[in-house]
Amino acid sequence: MVEPRTIVSPNIKTISVMAALVRRVFVAHLIGARKSGFLQNGGFGLRWGHQRLFSKGFPALQARVRPLPLLIATGGGYAGYDQYGRYKDRQLEKLGIEVPPRIANGVQVTIYKSIPTRLLSRAWGRLNQVDLPTWLRKPVFRLYIWTFGVNMKEAAVEDLQHYRNLGEFFRRKLKPQVRPVCNSHCVISPADGKILHFGRVKNCEVEQVKGVTYSLETFLGPRTWAESLTANRNEDDPGTFQDALVTTEGNELFHCVVYLAPGDYHCFHSPTDWRVAHRRHFPGSLMSVNPGVARWIKELFCHNERVVLSGEWTHGFFSLTAVGATNVGSIRIYFDKELRTNNPRYNKGTYNDFSYVTNNNQEGVSMRKGEHLGEFNLGSTIVLLFEAPRDFTFNLQAGQKIRFGEPLGTM
């Protein structure tokens, strides 16, 4: 006779202990799975199976950190904040309240300079030399004319199909009669453009726009080219760099900045009768030189690539500097066949000197007022620095448009 088996029912305490043990094991397994999924995704998300498992109970775990949208959102927010600040500044200026300029800090300048503008400018230069099909020339050039307000009635050749590529169109010549050279004033505008700033040089600082300056010595470089010029009156004790440039008692140093927009005539001419004794080429960045950037970056002209022509005129020291800009790495001086700008490699802070004064040519290069001097590839800036009597007065206003041949000032 088989004895009936006795079924022993576990008590409630035993069941509770077993349930707690199972729960701990399960939770530990899930935590390990979460960590494994998190690490396998570089710390930015979960594996698909675990994500599905936690999608209902942990909706926040579905989020993935995406660097590009985050960067766009951050950059857009900063740009919006910056534009709002500029809008408030404009409102204050309308009320007659003077607002100090917003100057870029070192980090902002470094980020801007990290953009490969030199490479882009060389690519743009090569694109400009590509010949366009005849049927495409008019549409392309008309779009450029409409965008930048080019007055083709002043061009020596008005037929758009005559220009084989963008480079030829940018370097178009003008009809002689549309830019008469003023003979009653000693200094004329070397190019078409906008006057950014002008006035006397003070404390070895030059204003590129109102309230934003750059160092005169940094801009021109060491005065090693002085041996090509007349001996300074204070050679034993020249004082400051600015004083060393002034060769005549009673004279002062003046400056004028002319900005060439993309729609302007891109050639520049001699602003006076003078002799060019020396050329100094500074390789550098090719940041934009439009008035907005000039108000934002201190010493912008010292950062950018530039060609400094130094010499003398009837009142002493005279210099003309062609400053490069984005898409304007090519600066050409007609009488200087050795000059090469926007080279792929250069050492930061260096410059190249070339003297036009030789044993066979003691006078250097003589230039007549209004004579063709050089050209830009798109548009940039011309900076004049010259010595003149103290009674020299500019007949200009900041921001005004000026054309080549018009007078800059009187004595």
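Fair warning: this is a prediction, and the values are worked out from it, not measured in the lab.

A. Representation of the side chain of Asp-336 in the model. You can see Asp-336 is positioned in the loop between strand E9 (331–333) and strand E10 (352–355). A distance of 2.8 Å separates a polar atom in the side chain of Asp-336 from a polar atom in the side chain of Arg-279. In terms of polar contacts, Asp-336 uses its side chain to reach the backbone amide nitrogen of Glu-338, at 3.1 Å. Leaving out residues up to four positions away in the same chain, Asp-336 has contacts with Arg-279 and Tyr-356.

B. Fine view of the sheet that holds strand E5 (residues 267–269). Judged by pairing direction, the sheet is antiparallel, and its three strands sit side by side in the order E5-E12-E9 without closing on themselves. With partners counted over all chains shown, the strands left at the sheet margins are E5 and E9, one partner each. Neighbour-to-neighbour, the strand axes of this sheet turn through a mean angle of 20°, independent of strand direction. Note: E9 against strand E12 (residues 372–376), three bridges, orientation antiparallel. Opposite Arg-332, over in E12, you have Glu-375 as the bridge partner.

C. Looking closely at the pattern of salt bridges. Applying the stated criterion across every chain, the model contains 15 salt bridges. For Glu-154, the salt bridge identified is with Arg-179, shortest N-O distance 2.9 Å. Note that Glu-154 is positioned in the loop between helix H6 (134–148) and helix H7 (166–170) and Arg-179 in the loop between H7 and strand E1 (193–200), a separation of 25 residues in sequence. We note a salt bridge from Arg-368 to Asp-273, for which the minimum N-O separation is 3.9 Å. Of the two residues, Arg-368 sits in the loop between strand E11 (365–367) and E12 while Asp-273 sits in the loop between E5 and strand E6 (274–282), which places them 95 residues apart along the sequence. Look at Asp-273 and you get partly exposed, because its relative accessible area is 34%. Connected through shared salt-bridge partners, Glu-154, Arg-179, Asp-192, Arg-403 and Glu-406 make up one network.

The rules we used
- Residues numbered from 1 in each chain as written.
- Predicted model: local features only at pLDDT ≥ 70, side-chain atom pairs only at ≥ 80, totals over all residues.
- Heavy atoms only, no water.
- Helix = DSSP H or I, 4+ residues; strand = E, 2+ residues; numbered from the N terminus.
- Polar contact = N/O pair within 3.5 Å; in protein donor to acceptor, adjacent residues only side chain to side chain.
- Contact = heavy atoms within 4.5 Å.
- Pairing = 2+ DSSP bridges.
- Axes fitted to C-alpha atoms, helices over the stretch in contact; angles between N-to-C directions.
- Salt bridge = Lys/Arg side-chain N within 4 Å of Asp/Glu carboxyl O.
- Buried < 20%, exposed > 50% of the residue type's maximum accessible area, 1.4 Å probe, protein only.

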